[in-house]
Amino acid sequence: MSQVRVRFAPSPTGFFHIGSARTALFNWLYARHTGGVFILRIEDTDKERNSEQFLNVIYESLRWLGMNWDEGPGIGGAFGPYRQSERAAVYAEYLEKLRAAGRTYEKDGATWFKLIGDRHEVFDEHRKKTVTKVNVAPTVIEDQIRGRVERLEDEDFVIVRSDGNPVFHFVNVVDDIAMKITHVIRGEDHLSNTSKHVELFKAFGVPVPAFAHIPLILKQNGPGKMSKRDQGALIEEYQKRGFLPEALVNFLCLLGWNPKDDREKMAISDIVALFDLPGINQSNARFDEKKLAHMNMSYLLELPEEKFLERATAFFRAHPAGVPALADAGVFREVMRLAQPKIKGLEELPAYTAYFFTDDFLIDAKVQEKVMGKGDPKARLGELLGALPSMDFSNDSVIEEAIKSLAAGRGLGFGDYQAVTRLAISGTNAGPSITSMFRVLGRERVRVRLERLLAT
Ligand code: GLU
């Protein structure tokens with residue numbers, strides 16, 4: 001068989017969303033699985049609705065997700081240009097072919113594609129007008145996911161509008177022919193267009209590519225299809241929030257595909273090895289934000305320390321408000337080491353770690369009320385302050401031992417010191433162990449914080 005050539009063909013008319021990313025990914029996976037070619041083609045013929053801004057978001061998001069294209073904008077290739085707005089000459093050439101084959105006619109200033117068969121007029125109740133029907137057999141689509149689909153395409157349709165612009169069906173098919181596309185993998189919402197496309201391929205006298213229409217993504221709650229406006233729909237948002245692209249890619253793969261065993265978390269190389277079109281589900285996939293968050297967390301957890309540090313640094317750089325002002329590299333590393341196993345996403349880092357980097361952190365009033373209202377917390381603070389100068393800060397367990405022996409001397413336990421100490425040094429009731437916090441903050445900063453709470 002000849003080399004597989006697939007394309008992702010977005011129209012830059014809006015932000016890049018989950019559904020588009022998944023379509024791109026399934027094309028990319030199929031190309032990588034088969035040793036084929038992944039082409040990026042920009043369908044930007046609708047001048048009114050396209051924008052360069054959206055185009056850049058597409059490029060940026062694809063790169064971020066690791067879906068490098070083999071042919072397309074910025075890369076080139078033997079079948080360019082890869083933006084439809086630059087391909088007018090190709091469309092003119094192909095229109096001429098159809099004309100020469102007697103498959104077009106002009107009516108009302110537009111150019112129509114002519115089906116072959118006897119014609120008769122009928123009144124269409126729905127559209128409230130008389131239309132010309134053509135006696136034809138249904139068009140057959142052999143879809144790799146949906147199986148055999150038949151659809152009656154029995155009316156001629158416009159291929160070049162009266163303003164001279166070719167319509168989507170025409171340019172889409174022409175480019176698939178000109179770019180030697182072997183497999184058309186796209187969203188199921190396009191299945192209703194495919195019969196028109198098949199008839200065009202036949203009219204050009206070329207083999208029809210294989211089709212694979214991917215099931216829809218349903219929104220998290222309710223029956224509807226996920227739309228660009230739904231919460232969690234935009235890829236850019238995940239990038240801004242510090243999601244790991246490999247986690248998002250893994251999650252996207254599972255929206256309509258699975259390896260036929262229980263595995264969910266899988267290395268991309270394993271997915272590439274196993275991915276195939278017949279393995280894509282026919283039923284719709286449901287978007288599940290919790291599952292994505294969980295996926296992200298498990299990828300975060302297994303990042304080697306250096307990699308986590310890199311990602312965290314990049315995240316703080318991109319969010320200047322959260323840049324740890326006081327931190328030296330050693331403290332930053334220690335804090336990140338504490339945070340890595342505790343956070344679900346990088347977006348939690350600034351809040352989770354703020355008090356390490358500034359002495360000017362807020363004390364949670366509700367937590368304070370609760371903690372200070374129980375037992376004699378100020379006495380505990382005083383005792384701890386007294387023990388502080390002679391405490392060994394070299395590792396967590398000696399700090400723990402010191403607090404335990406301080407407690408034992410008063411017939412108390414470690415737990416009696418925990419909540420109030422945590423409140424004093426972090427302002428909250430959750431976080432890493434207080435012994436780790438002592439070690440990383442150091443004696444002097446701990447002292448200042450204990451005194452501060454004691455003085456309230
Ligand atoms: N430009 C079309 C879209 O964005 C792509 C259609 C196709 O993949 O054939 O939906």
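Quantities reported herein were computed from a predicted structural model and do not represent experimental measurements.

A. Representation of the overall build of the protein chain. Along its length, the protein chain carries 18 helices and 13 strands. A globule of 456 residues ought to have a C-alpha radius of gyration of about 23 Å, yet the protein chain, at 31 Å, is considerably larger. In terms of principal-axis extent, the alpha carbons of the protein chain reach across some 100 × 45 × 45 Å. By sequence separation, contacts in the protein chain at least 24 residues apart represent 71% of the contacts at least 6 residues apart. Here the protein chain has roughly 21600 Å² of accessible surface; of this, 52% comes from carbon and sulfur atoms. Within the protein chain, the 62 negative side-chain charges are centred at a point lying 1 Å from the centre of the 61 positive side-chain charges.

B. Representation of the packing of aromatic side chains within the structure. Counting across every chain of the model gives 17 aromatic pairs. It is R22 that lies over the ring of F26; its NZ or CZ is 5.5 Å from the centre. Positioned over the ring face of Y94 is K97, at 4.3 Å from the centre of the ring.

C. Geometry of the site of the ligand. All residues adjacent to the ligand are R7, A9, P10, S11, E43, F168, N172, R186 and H190. A distance of 2.6 Å separates an oxygen atom of the ligand from a polar side-chain atom of R7. Within the side chain of H190, a nitrogen or oxygen atom sits 2.7 Å from an oxygen atom of the ligand. When the free accessible area of the ligand is taken as 300 Å², the share hidden by the protein chains comes to 80%.

D. Seen up close, the nonpolar core. Counting residues in hydrophobic clusters, the biggest one holds 52 residues, and the most contacted among them are F308, M336, L349, F356, I403, F438 and L450. Grouped together as the second largest cluster of nonpolar side chains are 51 residues, I185, L255, W257 and M266 included.

E. Quick peek at the packing of helix α11 (residues 329–339) against helix α17 (residues 434–441). Where α11 meets α17, the axes come as close as 10 Å, and the angle between the chain directions of the two elements is 170°. If you check the angle between α11 and α17, you find them roughly antiparallel. The segment α11 lies against α17, with V331, E334, V335 and L338 engaging S436, R439 and V440. When grouped by side-chain class, the residues that make up the contact of α11 with α17 number four nonpolar, one polar and two charged.

Cut-offs used in this document
Residues numbered from 1 in each chain as written. Predicted model: local features only at pLDDT ≥ 70, side-chain atom pairs only at ≥ 80, totals over all residues. Heavy atoms only, no water. Helix = DSSP H or I, 4+ residues; strand = E, 2+ residues; numbered from the N terminus. Rg over C-alpha atoms; globule rule 2.2 N^0.38 Å. Contact = heavy atoms within 4.5 Å. Areas by Shrake-Rupley, 256 points an atom, 1.4 Å probe, with all protein chains shown as cover. Lys, Arg positive; Asp, Glu negative; His and termini not counted. Charge placed at Lys NZ, Arg CZ, Asp CG, Glu CD. Phe/Tyr/Trp six-rings, centres within 6.5 Å; stacked < 30°, edge-to-face > 60°. Lys NZ or Arg CZ within 6 Å of the ring centre and 35° of its normal. Near = heavy atom within 4 Å. Polar contact = N/O pair within 3.5 Å; in protein donor to acceptor, adjacent residues only side chain to side chain. Core = buried A, V, L, I, M, F, W, Y, C linked by side-chain atoms within 4.5 Å. Buried < 20%, exposed > 50% of the residue type's maximum accessible area, 1.4 Å probe, protein only. Axes fitted to C-alpha atoms, helices over the stretch in contact; angles between N-to-C directions. Parallel < 35°, antiparallel > 145°, perpendicular 65-115°, else oblique. Nonpolar A, V, L, I, M, F, W, Y, C, P; charged D, E, K, R; others polar.

Nothing here speaks to function; it is all geometry.
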